[in-house]
Amino acid sequence: MATSASRCGIRHVVLTGRPGIGKTTLIKKIHKVFSESGVEVKGFYTEELRSGGQRLGFDVVTLDGNRGPLARIQDSESGGVSHKRSFLVGKYEVKLGSFENVALPTLRIPKNAQPGTSNGSCQVFIIDEIGKMELFSQTFVTMVRDILKTPNYTIIATVPVPKGRPIPFVEEIRNHQQTQVFTVTMENRDHMLDDIMRTVHTAVGYEH
C-alpha cells in the first residue's frame with residue numbers, strides 16, 4: 001500500500017515492511033529495470049550472510065559489485081575488556097569502518113551539484129537500508145540529507161517498520177514532504193514493482 005499517489009512534488013520512494021518480506025528483492029528488481037534501460041543508479045543494498053542455516057551477519061553490496069561486512073554476530077569468546085568502541089544492534093556488532101569504506105563513496109555528490117543546487121541532470125540513489133546499523137555513521141546521515149536537499153536527485157530507500165521507540169532520522173525520511181511510502185506485504189509484493197516505477201517516472205521523468 002502506498003501513501004496518497006495524488007500528492008504532488010514526490011521525488012523520493014521509501015519501502016517499508018517487516019524483516020524478510022521482500023524489500024531487498026524489490027530493490028534489486030528496481031535496479032535491474034534501470035540497468036536494462038541504461039539509466040545510471042548509484043547506491044547499495046544489504047544481504048544476509050548465512051552458513052549451515054544460521055545467519056552470521058550482513059554484508060553491504062554496492063550496485064557496482066563491491067562488498068564488505070556490515071555486521072557480524074558478536075564474538076562471545078573474545079574474553080577480557082576491550083577498549084575499542086563497539087557498535088551493537090542486538091547480537092550483531094556493526095563493522096562501521098567497513099560500511100563507510102564500501103557504501104559511502106556511492107552516495108557522494110559531484111562537486112558541480114552541491115546540496116541545495118541543481119546542475120540540470122537527474123541522479124537516482126538506491127539505499128537499502130536506512131536503519132539502526134547504518135545510522136551509527138553520522139557521515140552517512142549527512143550524505144543522505146545532502147541528497148535530499150539536492151534538486152533533481154531521487155532516493156529509493158528501505159526503512160524498518162516502526163517498532164518501539166521511533167528512530168528520529170528514519171521518521172525524518174518517512175515523513176519528508178517529497179517522499180512516497182510503500183508498505184510491502186505478502187499480498188502486494190509480487191505486483192508492487194509497476195506502482196513503484198510509475199512513481200519514479202513521475203519523480204525523474206524516466207519512461208518505464
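Residues numbered from 1 in each chain as written. Predicted model: local features only at pLDDT ≥ 70, side-chain atom pairs only at ≥ 80, totals over all residues. Heavy atoms only, no water.

Our next topic: the overall build of the protein. In terms of helices and strands, the protein carries five helices and nine strands. If you list the helices and strands of the protein from N to C, you get β-α-β-β-β-β-β-α-β-α-β-α-β-α. Going through the 208 residues of the protein one by one, you find that 44% of them count as buried. Looking at the protein alone, contacts between residues at least 24 apart form 68% of all its contacts between residues at least 6 apart. Here the protein displays about 11200 Å² of accessible surface, and carbon together with sulfur accounts for 50% of that area. (Helix = DSSP H or I, 4+ residues; strand = E, 2+ residues; numbered from the N terminus. Buried < 20%, exposed > 50% of the residue type's maximum accessible area, 1.4 Å probe, protein only. Contact = heavy atoms within 4.5 Å. Areas by Shrake-Rupley, 256 points an atom, 1.4 Å probe, with all protein chains shown as cover.)

L107, I127, I130, F140 and V144 are the most contacted members of the largest nonpolar core, which totals 37 residues. Those elements giving two or more residues to this core turn out to be β3 (54–62), β4 (67–73), β6 (92–94), α2 (96–103), β7 (123–127), α3 (138–148), β8 (153–159) and α4 (168–174). Counting residues per element, this core draws most heavily on α3, which supplies six residues. Discounting residues that sit within four places of it in the chain, I127 has contacts with F44, L107, F140, V144, I155, I156, A157 and T158. Within the second largest apolar cluster, 22 residues are counted, among which are I27, V124, I126 and I196. (Core = buried A, V, L, I, M, F, W, Y, C linked by side-chain atoms within 4.5 Å.)

Turning next to the environment of T106. Mapped onto the secondary structure, T106 falls in the loop between α2 and β7. According to the relative accessible area criterion, T106 is buried, its value standing at 11%. Linking T106 and K42, residues 64 residues apart in sequence, is a C-alpha distance of 5.7 Å. A polar side-chain atom of T106 sits 2.6 Å from the main-chain carbonyl oxygen of A103. (Polar contact = N/O pair within 3.5 Å; in protein donor to acceptor, adjacent residues only side chain to side chain.)

Before going further, it helps to spend a moment on unusual backbone geometry. D128 connects to E129 through a cis peptide bond whose omega is 15°. Mapped onto the secondary structure, E129 falls in the loop between β7 and α3.

Our next topic: the packing of aromatic side chains. Under the defined criterion, the tally for this structure stands at six aromatic pairs. On the basis of an interplanar angle of 65° and a centroid distance of 5.4 Å, the ring pair of F58 and Y92 is categorised as edge-to-face. Of this pair, F58 sits in strand β3 while Y92 sits in strand β6, and the two are 34 residues apart along the sequence. (Phe/Tyr/Trp six-rings, centres within 6.5 Å; stacked < 30°, edge-to-face > 60°.)

Looking now at the pattern of salt bridges. What the rule picks out here adds up to twelve salt bridges. With a closest N to O distance of 2.9 Å, E48 and R55 form a salt bridge. Residue classification places R55 among the partly exposed residues on the basis of a relative accessible area of 28%. One salt bridge in this structure joins D59 and R72, with 2.6 Å as the shortest N-O distance. In this pair, D59 is assigned in strand β3 and R72 in strand β4, connecting sequence segments 13 residues apart. The class for R72 is partly exposed, based on a relative accessible area of 22%. Connected through shared salt-bridge partners, K28, E47, D59, R67 and R72 make up one network. (Salt bridge = Lys/Arg side-chain N within 4 Å of Asp/Glu carboxyl O.)

Approximately 1000 Å³ is the volume attributed to the largest pocket. If you trace the largest pocket, you find 37 residues lining it, with P19, K23, F58, E129 and P160 closest to the centre. Elements represented by at least two residues in the lining of the largest pocket include exactly α1 (23–36), β2 (41–51), β3 and α4. With four residues, α1 is the single largest residue contributor to the lining of the largest pocket. Across the lining of the largest pocket, the residue classes break down as 13 nonpolar, eight polar and 16 charged. (1 Å grid on protein atoms, 1.4 Å probe; cavity = no way out; pocket = protein on both sides within 12 Å on 5 of 7 lines; lining within 4 Å. Points joined across faces, edges and corners; volume = space filled by probe spheres on them. Nonpolar A, V, L, I, M, F, W, Y, C, P; charged D, E, K, R; others polar.)

Note that P160 resides in the loop between β8 and α4. Judged by relative accessible area, P160 falls into the partly exposed class, the value being 22%. Note: C-alpha distance between P160 and I130 (30 residues apart in sequence) is 7.7 Å. Sequence-distant contacts of P160, that is, excluding residues within four places in its chain, are made with T16, E129, I130, G131, I167, V170 and R174.

The complete set of buried residues in α3 reads F140, V141, M143, V144, D146, I147 and L148. As for α3, its buried residues are in contact with β1 (12–16), β2, α2, β7, β8 and α4.

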